[in-house]
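# Topology and contacts: notes
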Amino acid sequence: MKILSATLATLMFASGTNFPSAQLDQLVSDRAASAALLAVDDSEGRQSDAAGDAVPSGYFRIGSVTKTFVATVVLQLVDEGRLSLDDPIDRHLPGQVPNGENITVRQVLNHQSGIYDYAHDAGYSTNRWRGTERFRHFEPGELLAVAFSHPPYFSPGQGWHYSNTNYVIAGLLIERLTDHSYGAEIARRILLPLGLSQTSVPGDRPGLPRPHARGYAEVDGKLADATLMNPSLDWAAGEMISTTRDLNQFFDALLGGRLISPAALAEMRGYVPATSLFDYGLGLQRFHLPCGKTVEGHSGELLGYTTYSLHGSEIQATLSYNPLPSADPATTLISLFSTIYC
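Fair warning: this is a prediction, and the values are worked out from it, not measured in the lab.

With that settled, consider the overall build of the protein. For the protein, the helix and strand inventory stands at nine helices and 14 strands. The globule rule puts the C-alpha radius of gyration for 342 residues at 20 Å, and the 19 Å found for the protein is close to it. The buried share among the 342 residues of the protein stands at 58%. Of the contacts made within the protein by residues no fewer than 6 positions apart, 68% connect residues no fewer than 24 positions apart. Entry remark: accessible area of the protein is about 13,400 Å², with carbon and sulfur atoms responsible for 50%. Side chains of the protein carry 24 positive and 35 negative charges; the gap between the two charge centres is 3 Å.

Below is the structure:
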């Protein structure tokens with residue numbers, strides 16, 4: 001294991017923001033992760049570091065952080081008058097979503113649609129080992145067909161349930177309204193204007209740009225290399241690849257009002273209760289820290305990669321780590337973000 005000099009003492013920004021070097025190394029030394037990397041930005045600059053097999057500039061799969069990019073494009077389309085958040089989804093995707101006349105765009109984005117999560121079906125989750133099936137291409141329509149073969153969790157607006165299916169629908173909505181792929185719209189509207197050259201929508205490409213740490217899964221009691229996969233199974237719900245630098249810049253621009261109007265940002269922050277740890281807005285999570293503070297952002301997970309991009313108090317913090325099986329890093333993660341924000 002690489003021993004970082006940063007573990008000898010907690011580093012400080014000139015502005016006083018704590019950098020949790022000890023907790024970053026602890027993820028690896030406790031065998032909760034094979035690698036971890038973290039970047040923290042504030043008004044005084046950036047501090048970044050890595051542990052294990054990672055390097056600070058490394059690429060990683062961001063999983064469901066993709067949802068924030070997708071929701072941002074939808075809200076830009078709202079700003080342009082192409083649709084309303086309270087439009088029924090059937091108005092824009094006629095006949096494609098059962099009960100779509102009673103499910104709004106807002107309910108798709110904040111997971112109050114009640115639509116079943118296709119990723120709960122065997123073989124349809126990128127969070128589980130799928131053998132050679134992990135290289136298979138999936139069409140969005142296949143994913144919807146799996147979801148719609150199950151009854152909804154509840155009537156629209158009558159509960160909250162995280163469902164990747166919602167963001168497959170959101171991706172199709174972008175494509176219907178723009179006549180371009182959802183990835184092309186993310187590139188045109190977000191990546192290019194912000195100079196996020198390290199962020200990509202990979203499609204069927206199974207690898208990551210270099211450098212990157214490898215991801216692992218447990219197969220028959222042994223570790224298997226899970227780095228390579230075709231992420232089309234997650235599509236607009238979680239296929240993107242990025243770096244800590246790019247994610248911090250993206251959320252700084254989004255929450256700073258540089259990507260959508262103040263009215264659209266207020267809608268995005270229309271949080272509803274979700275779990276004991278976070279509330280959910282429109283592609284945005286609000287996390288509750290033990291000290292009573294809240295931070296905004298999104299988490300993401302694909303097999304072998306976990307990401308938390310959390311932002312608040314003018315501090316941008318993105319953590320990526322490569323989890324090892326049967327480990328519970330929760331205590332270390334809470335300590336890490338509490339060091340930064342509390």
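On the secondary structure map, A54 appears in the loop between β4 (45–52) and β5 (60–61). Separated by 218 residues in sequence, A54 and V272 place their C-alpha atoms 36 Å apart.

Let's shift gears to the UniProt feature "domain: Beta-lactamase-related" (unreviewed entry) in the protein. In the UniProt entry, the feature "domain: Beta-lactamase-related" (unreviewed entry) is given for residues 34–308. Segment residues 34–308 splits into 27% helix and 19% strand. End C-alpha atoms: 16 Å apart.

Counting residues in hydrophobic clusters, the biggest one holds 96 residues, and the most contacted among them are F69 and Y118. In terms of residues, this core owes the most to one element, helix α5 (residues 164–178), which gives eight residues. Y118 has contacts with Y124, L143, V146, A147, N164, T165, V168, L233, D234 and A237, leaving out every residue within four places of it along the chain. Counting residues in each nonpolar core, the second largest holds five residues, with A226, M229, L302 and L303 among its members.

Right, let's talk about the packing of helix α2 (residues 66–79) against helix α6 (residues 182–194) for a bit. Look at α2 against α6: their axes get within 10 Å of each other, and the N-to-C directions meet at 80°. It follows that α2 is roughly perpendicular to α6 by the angle criterion. Judged by residue contacts, T66, F69, V70, T72, V73, Q76 and L77 of α2 engage Y182, E185, I186, R189, I190 and L191 from α6. Of the residues in the contact of α2 with α6, the class split is eight nonpolar, three polar and two charged.

The rules behind the values
- Residues numbered from 1 in each chain as written.
- Predicted model: local features only at pLDDT ≥ 70, side-chain atom pairs only at ≥ 80, totals over all residues.
- Heavy atoms only, no water.
- Helix = DSSP H or I, 4+ residues; strand = E, 2+ residues; numbered from the N terminus.
- Rg over C-alpha atoms; globule rule 2.2 N^0.38 Å.
- Buried < 20%, exposed > 50% of the residue type's maximum accessible area, 1.4 Å probe, protein only.
- Contact = heavy atoms within 4.5 Å.
- Areas by Shrake-Rupley, 256 points an atom, 1.4 Å probe, with all protein chains shown as cover.
- Lys, Arg positive; Asp, Glu negative; His and termini not counted.
- Charge placed at Lys NZ, Arg CZ, Asp CG, Glu CD.
- UniProt positions renumbered as here; feature names shortened; annotations may be inferred.
- Core = buried A, V, L, I, M, F, W, Y, C linked by side-chain atoms within 4.5 Å.
- Axes fitted to C-alpha atoms, helices over the stretch in contact; angles between N-to-C directions.
- Parallel < 35°, antiparallel > 145°, perpendicular 65-115°, else oblique.
- Nonpolar A, V, L, I, M, F, W, Y, C, P; charged D, E, K, R; others polar.

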